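Coordinate analysis (summary)
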Amino acid sequence: MALFEGRAGDEARRIVERYPAAHRRSAVMPLLYLAQSIEGMVTRDALREIGEMLGITTAEVEAVATFYTMYRLRPTGTHLVNVCTNLACKLRGADAVYEAAHREAGVSHGQEMSDDGLFTVHEEECLGVCDLAPAVQVNFANHDGVTPERMRELIGRLRGGDVPAPARGPAMPSFAAASRVLAGLDPEPEPALEEVPPA
Amino acid sequence: MSPLEPRLTRHWGDPSVIGVDGYEAVDGYAGLRQALGMADADIVEVVKASGLRGRGGAGFPTGMKWGFVPRETGKPTYVVVNYDESEPGTCNNRELVEREPHRLLEGSAIAALAIGCETVFIYIRGEYLWQGTVLQRAIDEAYAKGYLGADVMGSGTRIDVVLHRGAGAYICGEETALLNSLEGLRGQPRLRPPFPAVEGLYASPTVINNVETLMNVPDIVTKGADWFRELGTEKSPGSKMVTVSGKVERPGNYEIELGTPFRVVLEELAGGVLGGRSIKAWTPGGSSTPMLTAEHLDVALDYESVAAAGSMLGTGAIMVMDETDCVVDCATRMVKFYAHESCGKCTPCREGSWWATRVLGRLEEGHGRPEDIPLMSEMGTNILFRAFCALADGTASVINSSLKHFMDEYEAHVRLGACPLKVEHVGVAS
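What you are looking at is a predicted structure, and each value in this text was computed from that prediction instead of being measured.

1. Quick notes on the overall build of chain B
Helix and strand counts for chain B come out as 17 helices and eleven strands. In terms of overall dimensions, chain B is globule-like: its C-alpha atoms have a radius of gyration of 22 Å, near the 22 Å expected for 430 residues. Along the first, second and third principal axes, the C-alpha set of chain B runs to 75 × 45 × 35 Å. For chain B, the residues scored as buried account for 63% of the 430 residues in total. When contacts within chain B are restricted to residue pairs at least 6 apart in sequence, long-range pairs at least 24 apart make up 70% of them. Counting every atom, chain B has about 15,100 Å² of accessible surface; 52% of that belongs to carbon and sulfur. For chain B, the separation between the mean place of its 40 positive charges and that of its 56 negative charges on side chains is 4 Å.

Structure (structure tokens):
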């Protein structure tokens, strides 16, 4: 069965229409996100189908998919926990937060995801939240100034089926749901526009 | 020094400006309205006269960049907004858009008018998921109000804005890699010439500008070039966003007058070094800019002065390391970033960053050999300016500047067979 059928097919076509008709290849990145939102990772079938849709080879799609870290080509936990360990965060204690993420999520170094399939832990390069370090993202939603204790609490709540509210914007219930937003599609349900607190 | 009259941050205390109504209430889109009544060349001229320089790192004059775009080529022209903000230590573009997304759209629309462009692409880094949502809502509002679309403010001019999300690649902040990424290719840099102004997106004339750069444009149009030059220096006019992070009391994004001494930023804005400790090293413009030391506290933060001190203003990302931080450890982490983010195209970058990470790592772990220090020095020299784009120079900057200023610390690692700071910490060293 094709991935982009029914509603997903309509959404895929709308994504392609964002770009000039002569340059529909530009849609490869959002289409990879769309595929990832449906299957929780980017599968080989998805690479082929995207290629067919855009008139390029599976290899050309794979070349793009493997270049960027936010596409996951291997089985991925329901929740993706990203921990920045780059300098600004490291100076604020990120290494201990990263270790805590592995420990609490039950993911050993080098392991793709926890045995229960709930978590993937990823060491991030700079997430652009250096002012509020250490920076963590749960399904690409930000948690600021995270300590090892806070990481334990975050993972504990996720394990209990509760997605903690991030520092800004709505919580992302899963890695797949976040991928749908990254494809430029409306999340479901529509989150309220939250105001940024005044300086 | 008198307190800064804020420009880019003047509405940061007002959450209503995130929406189009609130933005209109503070004279939002007045610059676009005015620009619609101006000749294209006059828009370019006022931006040239303002002396606005690109805020994304290189500091190239913005008006001059716009002036390079050839017209009458028979091809469309494009404005591409570089919101890929990924330089370690840098996050002011994130907050500028979170707090006032319409100012970016207004600046982008004015840039589009200046070069006769009908389609603007905003390339936002993938990790800025929420900021992308904020921006897309602003785009939708601007369409609904007629600030974007087929007939901008009844002028008959078309300006469309397309938001394109990246997917986690630092290299896509390099403008030609960004264009490849936007075209659906791997984000690897292109050979220049041709420059993007002539053959950029879809082989068409293209202007690529940073977020902060474009957010300065509406005020330049409404208030004029002389007003813009009231702040800053002759060659570095205006204000600049800086991000202060690491070992300071109040990390954050701050707007400063260009030419403000680093000491003022550190002590008055950021509240001094964390815990009252002393500063050891700092980067003026992100991890790719050569690190400076406590001897450089009085360096003025403008393009020329930072260059004269042996570094670069870059993105204004100031990361502060204190006396308890090991420079070799910090350098290892910074170089590891470049090893991870190298696109793999050029050998000095791909291999050099990988080997440098290994050698730095063994120095930090206490397994360094005496010959490792000249080896690092040789690697730094051989990487600098030997690759296609500036990513490799980031690796070299970390190596070369840390060796230049902290040779003693490298030598101590080899001599002690351990990190001297860790040794002192556990009280083993005499």
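Next comes the rest of the write-up.
2. Things to note about the interface of chain A and chain B
Often, the extent of an interface is quoted as the loss of accessible area on bringing the components together. Opposite the 55 residues of chain A that make contact, chain B presents 65 residues. Around 4,900 Å² of area is buried between chain A and chain B when both sides are counted, 60% of it from carbon and sulfur atoms. Contact with chain B buries surface across chain A, with Phe67, Leu91 and Asp131 of chain A losing the most and accounting together for 14% of the total. Summed over the shared surface of chain A and chain B, the number is five salt bridges. In this structure, Asp329 of chain B engages Lys90 of chain A in a salt bridge whose closest nitrogen and oxygen atoms are separated by 3.1 Å. Linking chain A with chain B are 25 residue pairs in polar contact (both at pLDDT 80 or more). Elements supplying a minimum of two residues to the side of chain A that touches chain B: α2 (28-39), α4 (58-65), α5 (87-90), β2 (119-124) and α8 (175-182) of chain A. If one sorts the elements of the side of chain A that touches chain B by residue count, α2 of chain A sits on top with four residues.

3. Details of unusual backbone geometry
In the segment running from Ala133 of chain A into Pro134 of chain A, the intervening peptide bond is cis, with an omega of -5 degrees. Take Pro134 of chain A: it is sitting in the loop between β2 and β3 (136-138). Here the bond from Pro193 of chain B into Pro194 of chain B is cis, since omega is 5 degrees, no more than 30 degrees from zero. Positionally, Pro194 of chain B belongs in the loop between α8 (175-182) and β4 (206-210). Phi angles above zero are rare outside glycine, and Met153 of chain B is one such case at about 50 degrees. Here Met153 of chain B is to be found in the loop between α7 (129-144) and β3 (160-165). Accessibility expressed as a relative area gives 27% for Met153 of chain B, which makes it partly exposed.

4. Considerations on the sheet that holds strand β6 (residues 252-257) of chain B
All names here are of chain B. Taken in spatial order, the five strands of this open sheet run β6-β5-β11-β8-β9, and their pairing is mixed. Strand pairing shows two members of the sheet lacking a second neighbour, β6 and β9 (292-293), which therefore form its edges. As defined by bridge partners, strand β8 (residues 279-283) adjoins strand β11 (residues 317-322) across four bridges and the pair is classed as antiparallel. If you follow Ala281 over to β11, its bridge partner there is Met321.

5. Things to note about the packing of aromatic side chains
What the rule picks out here adds up to 18 aromatic pairs over all chains. Each ring, one from Tyr78 of chain B and one from Phe121 of chain B, has its centre 6.0 Å from the other, and the planes form 50 degrees; the classification is tilted. Of this pair, Tyr78 of chain B sits in strand β1 (residues 78-83) while Phe121 of chain B sits in strand β2 (residues 119-124), and the two are 43 residues apart along the sequence. No difference in accessibility class separates Tyr78 of chain B from Phe121 of chain B, as the two residues are buried. Here the aromatic residues Tyr19 of chain A together with Tyr78, Phe121 and Tyr202 of chain B are joined through ring pairs into a cluster of three or more.

6. Side note on the environment of Ser37 of chain A
All names here are of chain A. Relative to the assigned elements, Ser37 resides in helix α2. Its relative accessible area of 16% is what places Ser37 among the buried residues. With 26 residues separating them along the chain, Ser37 and Glu11 place their C-alpha atoms 12 Å apart. Residues within four places of Ser37 in sequence aside, it is in contact with Ala176, Ser179 and Arg180.

7. With respect to a nonpolar patch on the surface
All names here are of chain B. Where nonpolar side chains cluster on the molecular surface, the patch consists of Phe60, Met64 and Phe68 and spans about 280 Å² of accessible area. Within the secondary structure, Phe60 sits in the loop between α3 (40-50) and α4 (62-67). Residue classification places Phe60 among the partly exposed residues on the basis of a relative accessible area of 37%.

8. Let's talk about the pattern of salt bridges
On inspection of all chains with the given rule, the structure shows 48 salt bridges over all chains. Where Glu52 of chain A meets Arg48 of chain A, a salt bridge forms, and the shortest distance between an N and an O atom there is 3.7 Å. With a gap of four residues between them, Glu52 of chain A and Arg48 of chain A both fall in helix α3 (residues 44-54), about one helical turn apart. Residues participating in the shared-partner salt-bridge network are Asp131, Asp144 and Arg168 of chain A together with Arg94 and Glu98 of chain B.

9. A short note on the nonpolar core
Membership of the largest hydrophobic core comes to 151 residues, with the highest contact counts inside it found for Leu31, Leu32 and Tyr68 of chain A together with Trp66 and Ile122 of chain B. When residues no more than four places from it in sequence are discounted, the contact partners of Tyr68 of chain A are Met29 of chain A together with Tyr123, Ala167, Gly168, Ala169, Cys172, Ser181, Leu185, Arg186 and Gly187 of chain B.

Parameters and conventions
For every chain, the first residue of the written sequence is number 1, and numbering continues from 1 onward in sequence order. Note on labels: chains are lettered from A, ligands numbered from 1, in written order. The predicted nature of this model means local features are confined to residues of pLDDT at least 70 and side-chain atom pairs, given and counted, to a pLDDT of 80 or more, with totals for whole chains, interfaces and linings taken over all residues. The side-chain numbers reported here are obtained from all heavy atoms of the structure, hydrogens and water having been left aside. Numbering of helices and strands starts at the N terminus; helices are DSSP runs of H or I of at least 4 residues and strands are runs of E of at least 2. For the radius of gyration, the atom set is restricted to C-alpha positions; the globular benchmark scales as 2.2 Å times the number of residues to the power 0.38. Burial status follows relative accessibility: with a 1.4 Å probe on protein chains alone, a residue under 20% of its type maximum counts as buried, one over 50% as exposed, and anything between as partly exposed. By definition, residues are in contact when any of their heavy atoms lie within 4.5 Å. The method behind every accessible area is Shrake-Rupley, applied with a 1.4 Å probe, and residues are considered shielded solely by the protein chains displayed. By the counting rule applied here, Lys and Arg register as positive and Asp and Glu as negative, while His and the ends of each chain are not counted. Charged side chains are reduced to one point each, which is NZ for Lys, CZ for Arg, CG for Asp and CD for Glu. Defined in terms of a 1.4 Å probe, buried area is the accessible area two parts forfeit on being brought together, summed over both. Salt bridges, as used here, are contacts in which a Lys or Arg side-chain nitrogen is within 4 Å of a carboxyl oxygen on Asp or Glu. Whenever a nitrogen or oxygen atom comes within 3.5 Å of another N or O atom, the pair is scored as a polar contact, on the condition that within protein one atom can donate a hydrogen and the other can accept it, and that pairs from neighbouring residues in sequence are kept only if both atoms are in side chains. Should DSSP find at least two bridges between two strands, the strands are regarded as paired. Here a Phe, Tyr or Trp ring, Trp counted by its six-membered ring, pairs with any other such ring whose centre lies within 6.5 Å, and the pair is stacked when the planes are under 30 degrees apart, edge-to-face when over 60, and tilted otherwise. For patch building, the residue pool is restricted to those with more than 30% relative accessible area and no salt bridge; the joining distance is 9 Å between like charges and 5 Å between nonpolar side chains (Val, Leu, Ile, Met, Phe, Trp, Tyr). Here, nonpolar core means buried Ala, Val, Leu, Ile, Met, Phe, Trp, Tyr and Cys residues that are tied together by side-chain atoms lying within 4.5 Å of each other.

Spatial relationships are all this shows, so hold off on functional conclusions.
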